[in-house]
Amino acid sequence: MAEEVIVVEGTSTLSGEVAVSGAKNSALKLIAAALLGQGASVIHNVPLISDIEVMSEVLRRLGARVERTGHSLLVDTSEADGIEAPYELVSKMRASISALGPLIGRHGRARVAMPGGCQIGARKIDMHILGLQELGVEFKVNHGVLEASTPHGLHGAQVSLEFPSVGATENLLMASVVAKGDSIIDNAAREPEIVDLCNMLNEMGAHIEGAGSSSIEVTGVPIESMHPCEHTTVGDRIEAGTFLVGGALTGGPLTVRGIDPSFLRMALMKLRTMGCEVETGEDWIRVSRSEPIMPTDIQTLPHPGFPTDLQAQFMLLASLAQGNSVITENVFENRFMFASELLRMGADIFLDGHHAFVRGVPALQGAPVSSTDLRAGAALVLAGIVAEGETYVHAVEHIDRGYEDYVGKLQGLGASVRRERI
């Protein structure tokens, strides 16, 4: 059976301008949130990626009408009477679990298959369940399906998360906005995508304060007072960071447009410490480098710390630095699988638990490699761009989950890269 791969001819220079798509991790949750609007919402700046197609299909199975026109999505939930997100969809993408909160908010009950997705760690949903229980939700698991009910209705509560989980914060938000009374989510996730979701929920009639801080306050409103809205998704900071690393690897100058630089403050700081020049404007970032890449130490943390979704890209950058770097992964336990693929290309990396010790090498060599997850796949293509010879990147379906026209955008920046069936 033919397999699609990305073929990269090495030693290209990435330079020029690239427009960033809408944030995958925001758009997915905005589509789910449309369930609370009970009508036709329009979401703009939605990326053309496979994960969005999966989430759109989840809503269709729930009875919604989902139609795409370019980068805009019409989500009409007027007749969305279903309560079950089926296994064949949830197993493809664990973000489908974000249908749980709005289903509970809309119907008072939900059936969601236990999630799948990228193999980058257990990512248990215990915090989702424990938090929702505080709001009056009761759970049981039957044959791999999580069944939620609210026999006494949803009520406000103070919920303290043991870790600032993005998914748990989102599900709690989408249930608590229609709970009776006030809720406080302590140790809430602070990612820009959380702020984007809160903005859309408020546009739909919710009352949320404190988005972007570690304590979010929600004043519940009746589900009947929630209405559809029109909303534009924020730019994708991880896509922006990926292209910026490409510019840093090859020298640039490379400009990404459509992104708020404040979303990437920590990553931009690391680019500067690694020898790059970084300029920013209201909605753009430019990177260039004329000096050797310098080593640095990185530890991933929830926002506003260094994003785990940029760890693989910066490990690649560190692998070509003049010196030794230490990368510590604090968010996902299996995210160093990428290192074994980079080793095939001549990198010098030693793993010890959640630490990666990276000794810079003068150059990488092209090799057949495989995407172990979404971000690793994107980083392997960048590795091929700076490597000597040809690189074949397999399992490109991972990349398609989160990067719109990745190959086309890289070609526009000067890369010799193509998709091919072998």
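Above this note sits the structure.
Residues numbered from 1 in each chain as written. Predicted model: local features only at pLDDT ≥ 70, side-chain atom pairs only at ≥ 80, totals over all residues. Heavy atoms only, no water.

**Looking at the pairing of strand β9 (residues 145-149)**
Each regular strand carries side chains that alternate between the two faces of the sheet. In plain terms, the rule: Throughout this description, buried means an accessible area under 20% of the type-specific maximum (1.4 Å probe, protein chains only), exposed means over 50%, and partly exposed covers the range between. Secondary structure elements are defined from DSSP: runs of H or I of at least 4 residues count as helices, runs of E of at least 2 residues count as strands, and each element is numbered from the N terminus. Any two strands with at least two DSSP-identified bridges between them are counted as paired.
Across the 5 residues that make up β9, a large majority, 4, are buried. Summarising the sheet, strand β7 (residues 109-113) and β9 pair through 5 bridges and their orientation is antiparallel. Considered in β9, the bridge of A110 is made with A148. Bridge analysis of strand β8 (residues 138-142) against β9 gives 5 bridges, and the strand direction is antiparallel. Looking across to β9, one finds that V141 is bridged to L146.

**A few points about the environment of A363**
Let me state the cut-off plainly: For this analysis, residues touch if any pair of their heavy atoms sits within 4.5 Å.
Of note, A363 is situated in the loop between β21 (355-359) and β22 (368-370). Through-space distance from the C-alpha of A363 to that of R109 is 55 Å; in sequence the pair is 254 residues apart. Residues within four places of A363 in sequence aside, it is in contact with L320 and E388.

**Describing the sheet that holds strand β15 (residues 254-257)**
The condition that has to hold: Angles run from 0 to 180 degrees between N-to-C directions of axes, and those axes are lines fitted to C-alpha atoms, restricted for helices to the stretch in contact.
The 4 strands lie next to each other as β2-β15-β17-β16, forming an open sheet whose pairing is mixed. The open sheet terminates on both sides in strands that have one partner only, identified here as β2 (16-19) and β16 (277-280). Shown here is a sheet whose adjacent strand axes are inclined to one another by a mean of 20°, direction ignored. As paired strands, β16 and strand β17 (residues 284-288) are joined by 4 bridges and run antiparallel to one another. Bridge pairing in β17 places E277 opposite S288. Running at roughly 170° to β15, helix α8 (residues 237-250) makes contact with β2, β15 and β17 of the sheet. Taken strand by strand, helix α9 (residues 265-273) contacts β16 and β17, and its axis lies near 145° from that of β16.

**Section: the nonpolar core**
Soluble globular proteins: nonpolar side chains tend toward being buried together. The criterion, for reference: For our purposes a nonpolar core is just a set of buried Ala, Val, Leu, Ile, Met, Phe, Trp, Tyr and Cys residues, chained together by side-chain atoms within 4.5 Å.
Counting 74 residues, the largest nonpolar core has V256, L271, F314, M315, L342, L364 and L410 as its most contacted members. The greatest single-element share of this core, amounting to 10 residues, is contributed by helix α12 (residues 374-386). Ignoring any residue separated from it by four or fewer positions in sequence, one finds V256 in contact with V18, V20, A240, F243, L244, D283, W284 and I285. Formed by 73 residues, the second largest nonpolar core is a distinct cluster that contains A33, V58, L146 and V159.

**Observations concerning the packing of helix α5 (residues 126-134) against helix α6 (residues 166-176)**
Let me state the cut-off plainly: Under this scheme an angle from 65 to 115 degrees is roughly perpendicular, one under 35 degrees roughly parallel, and one over 145 degrees roughly antiparallel; angles in between are oblique. The hand of a helix crossing depends on one turn: near helix anticlockwise from the far one by less than a right angle means left-handed, and clockwise means right-handed. The classification used treats Ala, Val, Leu, Ile, Met, Phe, Trp, Tyr, Cys and Pro as nonpolar, Asp, Glu, Lys and Arg as charged, and all other residues, Gly among them, as polar.
Two elements in contact, α5 and α6, have axes separated by 8 Å at closest approach and are oriented at 25°. On the basis of their axis angle, the class for α5 and α6 is roughly parallel. Judged by the twist between their axes, the crossing of α5 over α6 is right-handed. For the pair α5 and α6, contact is made by M127, H128, G131 and L132 and by G167, A168, N171, L172 and A175, respectively. Of the residues belonging to the contact of α5 with α6, the class tally is 5 nonpolar, 4 polar and no charged.

**With respect to the packing of aromatic side chains**
This is how it is decided: Each aromatic pair joins two rings of Phe, Tyr and Trp (for Trp, the six-membered one) with centres within 6.5 Å, and gets the label stacked for planes under 30 degrees apart, edge-to-face for over 60, and tilted for any other angle.
In total, this model carries 4 aromatic pairs according to the counting rule given. These aromatic residues form a ring-pair network of at least three members: F243, Y403 and Y406.

**Side note on the pairing of β15**
The sheet contact formed by β2 and β15 spans 4 bridges and is parallel. For G16, the partnering residue across the bridge sits in β15 and is L254. With 4 bridges joining them, β15 and β17 adopt antiparallel strand pairing. Residue pairing for β17: L254 is matched across the bridge by V287.

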